[in-house]
Amino acid sequence: MPALTAAYEVIRRPLGEILPRLSAILAEPVPHLAAAELSTHCAHSPFKAYGDAEITGRLSTADLAPLLAAGVPGRPWQGMLTLADTERPALVVTSHATPRGAVLLLVRDAAAAPVDEAAAALVQALWDLVTSHFDRLAAEAMPGALARSRAAAGTRARVIAELGEAYSAALTGLLGVLRSRTLDDAAARATATDLAVSALVELRAEAERDQEIAEEPVGQAFARLADALRPLVRHSPVRLEFGAPDSPRTVAADVAHTARFIVRALLLKVLEQEGVTRVHVAWQLTDDELRATVRDDGPGTLTHGALAPGGVAERLDVLDGRLDLDAVPGWGTTVSATIPLRVLQNPAPDPLTALGERELQVLARLALGHRNRAIAQELHISESTVKFHVAKILTKLGVESRGAAAALFHAVA
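Bear in mind that the values here come from a model prediction, so they are computed numbers and not experimental data.

Peer 1: Before we move on, could you go through the overall build of the chain and cite the residues and values that matter?
Peer 2: Within the chain one finds 15 helices and 12 strands. For the chain, with 413 residues in total, the buried portion stands at 43%. Pairs at least 24 residues apart make up 65% of the contacts formed inside the chain by residues separated by at least 6 positions. About 20600 Å² of surface is accessible on the chain, with carbon and sulfur atoms providing 56% of the total.

So this is what it looks like as C-alpha cells:
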C-alpha cells in the first residue's frame, strides 16, 4: 500500500513537479543528492534535473544520453560515474514503458551505502509507472501540452541555430589562423587545431542529440501508428490498408503525437458507419507540412459536425493545422488533417500554459459544464480539492467566473 500511495502522489502532480516529488519520495529508500531524467516522450523539456545545484547545474542531455542507450529496462544499475567533473556513486534506472525509452539518474553521496535489491526494485516500479503516465499524456496530445511543446521547440531551434552559427564562425576563424603558415610553433598549432576540431564536433553532436530526442523519423512514427490501429479492426470485416510516407526525414514529436491521435480518432468515427469494408490510412510529407489521410468506402455521409466531439479540431488549432473533409454519397469519405512542420517565430501566448496538469484536467471538465461533484468523481479527488483548483484556475487566468474560464478554454484549446 505505501508503494501505491507513493505512485499516486507522483503522477497526480503537474508535469513540472513530478521529478521533485519523485526525488522526495525516493529520498528515504535511496538517499541521493540530485535526480535527473531524460524522457524521450517529452518534446519541450526531455531533460530535467532537481537537487543539489552544484550537480544539476553541470548535468546535461550529453550525460544521460549514453546511460539511456546502455541501460537495460528492468535492471537498475549502480556504480561510479563521472558527473560534473567528479566521480560519484549513482543509481541508473531505465524504462521502456515509452516507445523510445526514458532514464532516471540518482546521484548519491560518496559515502552512501549500496542500494539494496528491494529499494532498487521500488525505484524501477515507480519509474515505469511514471513513464507510462508520460506516454499516455503524450499519446493523447492534450492541447495545453502541445502548445508548450510547439513554443519550446521554436525556442530550442532558434537557440541551437544561433549558437551553432556563432561557435562555428569563431572556431572556423580560429582554425584559419592556426593553420596559417606564418606560425612557427608547429606543435602548438597542431594541439590548438585538435582542440578546435573537437569543440566543433561536440557542438554538432549536441545539436544532433537534441534533434534525436525532440524529433522522430517519420517512417518510425507511422509504423507506431499502424501497430496501434490494427487491433481496432482485428474482429471486424473492415480491411485496413496503410500508405507509409516515403521519406527518410524526421518530424517534431508534437507533430507525430498529434497525427497519431487524430488518425486514431478519425478511424473510430469511420468505423461507426454502416457498410464500410475498406479504410486506407496514409501520411504524406512535404517540406512544409504533414498530411494525414483516412479514406473509406462507406456511405459518404460523414460531416464536420460528426467529427467534432473527438477533440481533433482542438489539437489541430494548437499547431495551426486544418481538417478537410470530402464526402461523396455512395462512394465514401476522405478526411485529411494537415499539420504545419515549421514553428511560428512568434507564437501567440497561450494563457493555459500557466496551469498545471491537474488544473487543466479540472478546467476541461468545467468547460463541459460539469459541476464540482461530478469533476471530483471523475478525477477521484474530493469536492473541496476541486473548489481549491477552480479558485487557482480563476486567479491564474485572470477571470472572475467559471463561465469566463470555460469561454477562455474553448477559445484557446
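Peer 1: Break down the sheet that holds strand β9 (residues 278-285) for me, citing the residues and quoting the values.
Peer 2: Read from one edge of the open sheet, 5 strands run β7-β9-β10-β12-β11, paired in mixed fashion. Each edge of the sheet is formed by a strand with only one pairing partner; in this case those strands are β7 (239-243) and β11 (322-328). Direction aside, the axes of adjacent strands within the sheet are offset by 10° on average. Bridging between β7 and β9 involves 5 bridges; their strand directions are parallel. Considered in β9, the bridge of Gly-243 is made with Ala-282. Across the sheet, helix α8 (residues 218-229) lies against β7 and β9, angled at about 160° from β9, the strand it touches most.

Peer 1: Residue-level account of the sheet that holds strand β3 (residues 77-83), with values.
Peer 2: Judged by pairing direction, the sheet is antiparallel, and its 5 strands sit side by side in the order β2-β1-β5-β4-β3 without closing on themselves. One side of each edge strand has no neighbouring strand; the edge strands of this open sheet are β2 (47-51) and β3. Each neighbouring strand pair of the sheet contributes to a mean axis angle of 25°, computed without reference to strand direction. Of the strand pairs in this sheet, strand β4 (residues 86-95) and strand β5 (residues 102-107) are connected by 6 bridges, and their pairing is antiparallel. Bridging from a neighbouring strand, Thr-94 pairs with Val-103 of β5.

Peer 1: Give me the lowdown on the packing of aromatic side chains, citing residues and values where you can.
Peer 2: Under the criterion given, the structure shown has 2 aromatic pairs. The interplanar angle of 75° and the centroid separation of 5.4 Å between the aromatic rings of Phe-222 and Trp-283 together place this pair among those described as edge-to-face. You can see Phe-222 sitting in helix α8 and its partner Trp-283 sitting in strand β9, a full 61 residues away along the chain. The same class applies to Phe-222 and to Trp-283, which are both buried. Members of the aromatic cluster, each reached through a chain of ring pairs, are Phe-222, Phe-242 and Trp-283.

Peer 1: Any details on the nonpolar core? Residues and values, ideally.
Peer 2: Among the nonpolar cores identified, the biggest contains 38 residues, and Val-263, Val-279, Val-281 and Trp-283 are the most heavily contacted of them. Residue contributions to this core peak at 10 residues, all from helix α9 (residues 253-271).

So, how was this worked out
Residues numbered from 1 in each chain as written. Predicted model: local features only at pLDDT ≥ 70, side-chain atom pairs only at ≥ 80, totals over all residues. Heavy atoms only, no water. Helix = DSSP H or I, 4+ residues; strand = E, 2+ residues; numbered from the N terminus. Buried < 20%, exposed > 50% of the residue type's maximum accessible area, 1.4 Å probe, protein only. Contact = heavy atoms within 4.5 Å. Areas by Shrake-Rupley, 256 points an atom, 1.4 Å probe, with all protein chains shown as cover. Pairing = 2+ DSSP bridges. Axes fitted to C-alpha atoms, helices over the stretch in contact; angles between N-to-C directions. Phe/Tyr/Trp six-rings, centres within 6.5 Å; stacked < 30°, edge-to-face > 60°. Core = buried A, V, L, I, M, F, W, Y, C linked by side-chain atoms within 4.5 Å.

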